[in-house]
Amino acid sequence: MVLNLEPRLSRRVVLLAAGGLLVGCSGPPETGMVHLRLATGPAGAVYRRIGGALAEYVSEQVPGVTMVTVPSGASTDNIRMLRAGEVHLGLTSLDALITTDGSAPEGLSAICRLYDSHLHLVVMAGSAIDGFRDLEGKRVSLGAHDSGTEFTSLRVLELGLVNADGRYLSQAESAAALRDGEIDAMFSLTGVPTPAITELAQRYPIRLIPLDAQADALFTAFPGPYTPAMIPATAYAGVPATRTVAVPNVLLVRDDLPDDLVYAITDTIFTHTGTIISASRDAEALPEAVPEAWQINVRTGISTASTPLHPGAAAWFRDHKR
């Protein structure tokens, strides 16, 4: 299946690559290829999974472009790498991106909003922790350093005046440490379901601690990126529906990427993902392996709050108004 780009787009991207005009992202001029790097997340995280799928589809569908993923700590780490010029695109949660004055970091813009993450607070079924305030003094994973989980869980604990014994572990490390009794609870800001928690729940009984009061506190203190949400009973084996808070995730890009290239990437995400899913030969295809892909749509994709759209993405949304 070939992406049906306007001819000027495909020619423009290839010419930019061949001329070496894509700063920091083109290969040798004789290859005529643009090489892009997408910052994703740690092992066991949805960022790693959905980022890999997006990179694969862009590489297949945008003429003259290859995209590879770069593992990271997730949101905050991805923003740092983007600003340092180490990557060209990156995934981040909206609350980690927007500063307290409502602005976004200079030099970065959004391609689109992708899907919403939900804040999980996970304990083993036999834990004495029954509510959020029971985290006082307990060993709690706050996520990997520089992750969206770390950013949001620290906000929640600060607003709730709870002093936990924080540990900094990736999603997969957190699930293993919880299973082995090395920590008492784990936070995870991620899509639903998330691989690390799914695998844990399939082998051991777990519980999710409700965070409805914490959702209200976040919404009041930081209007904009937070909404009350529900993790459904169908998400994890044996776990009932649980109230929590949701945070949108956005796909960021450096401002210095050419408009036509970003237009083509945006077109791939919104116009062709569905048909690529149905035709894919890969067992890890969206959305069966990446259920968050069902949330990717034009209606919500443009909703990036105070983060400006890249001009190439904005042009695509203007051309595809419904």
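Preceding this paragraph is the structure being described.
The following paragraphs examine the structure supplied in this document. Starting afresh in each chain, residues are numbered from 1 along the sequence in its written order. It should be noted that, the model being predicted, local features are given only for residues of pLDDT at least 70 and side-chain atom pairs only at 80 or more, the latter also being counted only at that level, while totals for whole chains, interfaces and linings use all residues. Side-chain metrics rest on all non-hydrogen atoms present in the structure, leaving aside hydrogens and water.

We now examine the packing of helix H5 (residues 148–159) against helix H8 (residues 212–221). Axes, fitted as lines to C-alpha atoms, cover a helix only where it is in contact. Angles between the N-to-C directions of the axes lie from 0 to 180 degrees. Helix and strand assignments follow DSSP, with helices taken as H or I runs no shorter than four residues and strands as E runs no shorter than two, numbered in order from the N terminus. Two elements in contact, H5 and H8, have axes whose closest approach is 10 Å; the angle formed by their N-to-C orientations is 95°. As judged from the angle between their axes, H5 and H8 are roughly perpendicular. Of the residues in H8, those touching H5 at Thr152, Arg155, Val156 and Leu159 are Gln214, Ala217, Leu218 and Ala221. Here the contact of H5 with H8 is composed, by residue class, of five nonpolar, two polar and one charged. Orientation is classified from the angle alone, with under 35 degrees giving roughly parallel, over 145 giving roughly antiparallel, 65 to 115 giving roughly perpendicular, and any other angle giving oblique. What makes two residues a contact is simply this: any of their non-hydrogen atoms within 4.5 Å. Residue polarity is assigned by list, with Asp, Glu, Lys and Arg as charged and Ala, Val, Leu, Ile, Met, Phe, Trp, Tyr, Cys and Pro as nonpolar; anything else, Gly included, falls into the polar class.

Moving on to the environment of alanine 53. Here alanine 53 shows up in helix H2 (residues 46–61). For the pair alanine 53 and threonine 69, spaced 16 residues apart in sequence, the C-alpha to C-alpha distance is 9.6 Å.

Below, the discussion takes up the environment of aspartate 184. With respect to the helices and strands, the residue aspartate 184 is situated in the loop between helix H6 (171–179) and strand E7 (185–190). In this structure aspartate 184 comes out as partly exposed when scored by relative accessible area, which is 22%. Each residue touching aspartate 184, except ones within four places of it in the same chain, is listed here: Val123, Ser127, Ile129, Lys138, Arg139 and Leu178. Think of it in three bands: residues with accessible area under 20% of the maximum for their type are buried, residues over 50% are exposed, and the middle band is partly exposed, with areas taken using a 1.4 Å probe on protein chains only.

Further remarks concern the nonpolar core. Counting 35 residues, the largest nonpolar core has Leu36, Leu89, Ile111, Leu114, Leu251, Ile265 and Ile269 as the members making the most contacts within it. Listing elements by their share of this core, those giving two or more residues are strand E1 (34–39), H2, strand E2 (65–70), strand E3 (89–93), strand E4 (108–124), strand E10 (242–254), helix H9 (259–279) and helix H11 (311–319). Counting residues per element, this core draws most heavily on H9, at seven residues. If we ignore the near neighbours within four places in the chain, the residues touching isoleucine 111 are Leu89, Leu251, Val253, Val262, Ile265, Thr266, Ile269, Leu309, Ala313 and Phe317. Put simply, buried Ala, Val, Leu, Ile, Met, Phe, Trp, Tyr and Cys residues joined by side-chain atoms within 4.5 Å make one nonpolar core.

Residue proline 193 follows valine 192 across a cis peptide bond; omega there is -5°. Take proline 193: it is sitting in the loop between E7 and helix H7 (195–203). In the Ramachandran plot, aspartate 146 falls in the positive-phi region, its phi being about 70° despite a non-glycine side chain. Mapping aspartate 146 onto the fold places it in the loop between strand E5 (139–141) and H5. With a phi close to 55°, leucine 161 is a non-glycine residue in the positive phi region.

What follows deals with the pattern of salt bridges. The salt bridge definition used is simple: a Lys or Arg side-chain nitrogen within 4 Å of an Asp or Glu carboxyl oxygen. One pass over the full model with this rule turns up eight salt bridges. Across the pair aspartate 77 and arginine 80 runs a salt bridge, and its minimum N-O distance is 2.9 Å. Of the two residues, aspartate 77 and arginine 80 both sit in helix H3 (residues 75–84), three residues apart, roughly one turn of that helix. Given the relative accessible area of 12%, aspartate 77 is considered buried.

Further remarks concern the side chain of threonine 304. If you trace the backbone, threonine 304 turns up in the loop between helix H10 (298–301) and H11. For threonine 304, the contacting residues outside a window of four places in its chain are Leu94, Ala110, Cys112, Arg113, Val250 and Leu309.

Here we take up the pairing of E4. Here E4 lies mainly inside the structure; 17 of its 17 residues are buried. Strands are treated as partners if at least two bridges between them are detected by DSSP. Both E4 and E10 contribute to a ladder of eight bridges, which runs antiparallel. Bridging from a neighbouring strand, serine 117 pairs with valine 247 of E10. Pairing of E4 with E7 involves five bridges; the strand directions are antiparallel. By the bridge assignment for E7, valine 122 is matched with methionine 186. Of the strand pairs in this sheet, E4 and strand E8 (residues 206–208) are connected by three bridges, and their pairing is antiparallel. Within the sheet, the bridge partner assigned to methionine 124 lies in E8 and is isoleucine 206.

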